[in-house]
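Read off the chains here:
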Amino acid sequence: MARALITIPASARRGEIIEIKALVAHEMETGFRRTQYGVVIPRNIITQFVCTYNGVEIFSADFHPAISANPYVAFSTIATESGTIACSWAGDNGYSHTESVAISVG
Amino acid sequence: MKPDGTKQTTRREFLLAAGGIVAGIAIEPAMAATPIGASRTIAGVAATLQAIRKVVGEAPVNKGKVTLDLPELVDNGNAVPLTVRVDSPMTPADYVKAIHVFTQKNPLPDVATFRLGARAGRAVVATRMRLADTQTVIAICELSDGTFWSGTADVVVTLAACLEEL
Amino acid sequence: MNSRSAALRTCFGLLRSSSGALFAAVLAVFSATAQSAGTSVPAGRHSGYDSMSRQTRAMQDDDAANPGMLWVLDGEALWNRKTGSAGRSCSDCHGDARASMKGVAARYPAFNATRARPVNLEQRINLCRTDQQKAPPLAFESRELLALTAYVGRQSRGLPVEITVDARTQPFFEAGREAFNRRQGQLNLSCVQCHDDNEGKRLAGNLIPQAHPNGYPLYRLEWQGVGSLQRRLRNCLTGIRAQTPVFGADELVDLELFLMWRARGMSIETPAVRP
């Protein structure tokens, strides 16, 4: 079950700095672990995170294996207008997931 | 003396050799503190420097403006909450373009890169990272004027005590 | 991480060798302690939450950052999904879980008339699945069962653990208490010796908690995922080199019942975060 959670304030004033928290379910297998038989478990991580605000990119991140499983990132942006905040994750093995939330700016 | 017979580089010798590129950043030589029988990959000094160079190029890295909030003793190395703050007005004229996080004793030196911009309002980013061993975590930020600034934090990491089923 | 498991195996090797200094030290600590009997409710009870760093506590407190919430969200979806040959969802009978499941997790394990013994929350969910939804039971530690249990548990967050030991549950409670007090495994340790007598001290760098199960299912950083109390208990037993009962075994549910009684009055923290 692909599950992501984006948390933003319920509403914001124009010009206010708001915090965006993005959490996604993913094992972030580092590629450095071995099974009990000594066989390397192949790397399988999210490598890219992009956040857009009404289609304009406001934040992005590159993740490496050192980012924990079920990756979490919190950042901020200035609330400019109502609309959609969309978060996209992409990674190994063609992984891709997008989640959107509505933002209400008054 | 290292096990292979070569001399262990002292911190002072290393910093002199690295020149001004990473002034003020505490990069320790890779210590031979691996448990008996373990074979663990460590990024090491050279790889960490190379990773930093890839980001900053030939530009000097100044010490300051960047603070890392990390626990001094981690509860578990699998998920260590990290918050990086950069002292910046975040105006269109003066803002943080990117924050890069590095380690020396993880298998790889790169942790993450966060790209901000003036629209961020605040230069604060939080995440959770993996730490394989007690070490220093380094964050380098790139400002809109092209300068680089760094901060570090030392973290102690212990391993889980009890053996579990795999 | 391979370094971690290699170090663990090494640590363990030291424990097993009679000449290992660590083994001798552990033995010295535990031999000196008289075997505790009785109620095993430590004076000054506190949750494992209190022993964590500020940053890890913040991870638990913030639903936006708590990775266990990913399982809770999955559980919410499952709660509303029709399943089984009866084509029923949990919500068809139980409505809004926020109301109907409030306080439920705080009372489990609870006596079940059909089974004539206490069952834990996971088993209760599966009984609903087989008897009411006419669906196959969910496997223990499956993502679905953990998600549903976490979702139901979340509805009791902040409420006090409320376990009643009555005529029906008494024998099972006693069995659980006996298991808690019993030395077992190759290391010949009882739960009491770590979690009552040496709680707050460190075992190879890690803090020994009082071991209250008030946050299960929880996100354990060591597991990098959510797991049940029984998973934790089986790992403890592995740690002392004792035989591990299968998931769902009566012995484990009896021990769960005792542990929840031992934690009575403490707040449910599901989904908790623990090292």
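Residues numbered from 1 in each chain as written. Chains lettered and ligands numbered in written order. Predicted model: local features only at pLDDT ≥ 70, side-chain atom pairs only at ≥ 80, totals over all residues.

A word on the overall build of chain A. Looking only at helices and strands, chain A features 0 helices and 7 strands. The N-to-C order of helical and strand elements in chain A reads β-β-β-β-β-β-β. When its C-alpha atoms are laid out on the principal axes, chain A stretches across 60 × 20 × 20 Å. Per-residue burial for chain A yields a buried fraction of 36% across its 106 residues. By sequence separation, contacts in chain A at least 24 residues apart represent 57% of the contacts at least 6 residues apart. (Helix = DSSP H or I, 4+ residues; strand = E, 2+ residues; numbered from the N terminus. Buried ≥ 20, exposed ≤ 12 C-beta atoms within 10 Å, placed from the backbone. Contact = placed C-beta atoms within 7 Å.)

In this section: the interface of chain A and chain C. In many reports, interface size means the accessible area that the parts give up when they come together. Facing 13 residues of chain A, the contacting portion of chain C comprises 10 residues. For the side of chain A that touches chain C, the secondary-structure elements that each account for two or more residues are β1 (4-7) and β2 (17-24) of chain A. Class assignment of the residues belonging to the side of chain A that touches chain C gives a composition of 7 nonpolar, 2 polar and 4 charged. (Nonpolar A, V, L, I, M, F, W, Y, C, P; charged D, E, K, R; others polar.)

Turning to the sheet that holds strand β3 (residues 80-86) of chain B, a few remarks are in order. Taken in spatial order, the 6 strands line up as β1(A)-β2(A)-β5(A)-β6(B)-β3(B)-β2(B) in an open sheet, and their pairing is antiparallel. Lying at the two open borders of the sheet, with one neighbouring strand each, are β1 of chain A together with β2 (66-69) of chain B. Ignoring which end each strand starts from, the neighbouring axes of this sheet average 15° apart. Of the strand pairs in this sheet, β1 of chain A and β2 of chain A are connected by 4 bridges, and their pairing is antiparallel. The residue of β2 of chain A that forms the bridge with Thr 7 of chain A is Lys 21 of chain A. (Pairing = 2+ DSSP bridges. Axes fitted to C-alpha atoms, helices over the stretch in contact; angles between N-to-C directions.)

So, on to helix α11 (residues 229-239) of chain C. All names here are of chain C. The element α11 is extensively covered by neighbouring structure, given that 9 of its 11 residues are classed as buried. All of the buried residues in α11 are Leu 229, Gln 230, Arg 231, Arg 232, Leu 233, Arg 234, Cys 236, Leu 237 and Gly 239. Turning to α11, the residues buried within the fold contact β6 (225-227) and α12 (250-262). Immediately beyond the C-terminal end of α11, within one or two residues, lies Arg 241, with a positive phi of roughly 60°.

Residues and elements named next belong to chain C. Two elements in contact, helix α7 (residues 121-131) and helix α8 (residues 143-154), have axes separated by 10 Å at closest approach and are oriented at 110°. In terms of their interaxial angle, α7 and α8 are classed as roughly perpendicular. For the pair α7 and α8, contact is made by Leu 121, Glu 122 and Ile 125 and by Leu 145, Leu 148, Thr 149, Val 152 and Gly 153, respectively. Among the residues forming the contact of α7 with α8, the class breakdown is 5 nonpolar, 2 polar and 1 charged. (Parallel < 35°, antiparallel > 145°, perpendicular 65-115°, else oblique.)

So, on to the pairing of strand β8 (residues 148-155) of chain B. Residues and elements named next belong to chain B. Two elements, strand β1 (residues 61-63) and β8, share 3 bridges in a ladder whose sense is parallel. Note that in β8 the partner of Val 61 across the bridge is Phe 148. Bridge analysis of strand β7 (residues 135-143) against β8 gives 8 bridges, and the strand direction is antiparallel. Within the sheet, the bridge partner assigned to Glu 142 lies in β8 and is Phe 148.

All names here are of chain C. Read from one edge to the other, the open sheet built from 3 strands follows the order β6-β5-β7, with strand pairing classed as mixed. Both edges of this open sheet fall to β6 and β7 (273-274), since each of them pairs with a single strand only. Inspection of the sheet shows strand β5 (residues 218-220) paired to β6 by 3 bridges, in the antiparallel sense. Counterpart to Tyr 219 in the pairing with β6 is Val 226.

This part takes up α12 of chain C. Residues and elements named next belong to chain C. Here α12 spans 18 Å end to end across 13 residues, near enough to the 18 Å set by a 1.5 Å rise per residue. Counting buried residues along α12, 11 of its 13 residues qualify, which places the element largely inside the surrounding structure. Looking at α12, one finds that the buried residues are Leu 252, Val 253, Asp 254, Leu 255, Glu 256, Leu 257, Phe 258, Leu 259, Met 260, Trp 261 and Arg 262. Residues of α12 that are buried in the fold lie against β2 (117-119), α9 (170-181) and α11. (Expected span 1.5 Å × (residues − 1).)

So, on to the confidence of the model for chain C. Residues and elements named next belong to chain C. Residues of chain C with pLDDT of at least 70 account for 84%, and the chain-wide mean is 88. Under a pLDDT of 50 for its full length, residues 1-39 has, in the predicted model, 44 contacts with residues more than four places off or in other chains. Prediction confidence for the complex, expressed as pTM and ipTM, is 0.86 and 0.96 respectively. (pLDDT = per-residue confidence, 0-100.)

Residues and elements named next belong to chain B. By the element assignment, Ala 59 lies in the loop between α2 (44-56) and β1. The class of Ala 59 is partly exposed, set by 13 C-beta atoms lying within 10 Å. Sequence separation between Ala 59 and Thr 91 is 32 residues; the distance between their C-alpha atoms is 23 Å.

It is worth spelling out unusual backbone geometry at this point. Residue and element names in this part refer to chain C. Residue Tyr 108 is joined to Pro 109 through a cis peptide bond whose omega torsion reads 5°. Secondary-structure assignment places Pro 109 in the loop between α6 (97-100) and β1 (110-112). Cis geometry is found at the peptide bond from Tyr 216 to Pro 217, where omega equals -15°. The residue Pro 217 is located in the loop between β4 (206-207) and β5 in this model. Positive phi is not limited to glycine here, since Lys 134 has a value of about 55°. Inspection of the secondary structure puts Lys 134 in the loop between α7 and α8.

With that settled, consider the pairing of strand β3 (residues 46-53) of chain A. Residue and element names in this part refer to chain A. Pairing of β3 with strand β6 (residues 83-91) involves 7 bridges; the strand directions are antiparallel. The residue of β6 that forms the bridge with Ile 46 is Gly 91. Between the end of β3 and the start of strand β4 (residues 56-63), which pair antiparallel, lie 2 residues, with Asn 54 showing a positive phi angle near 50°.

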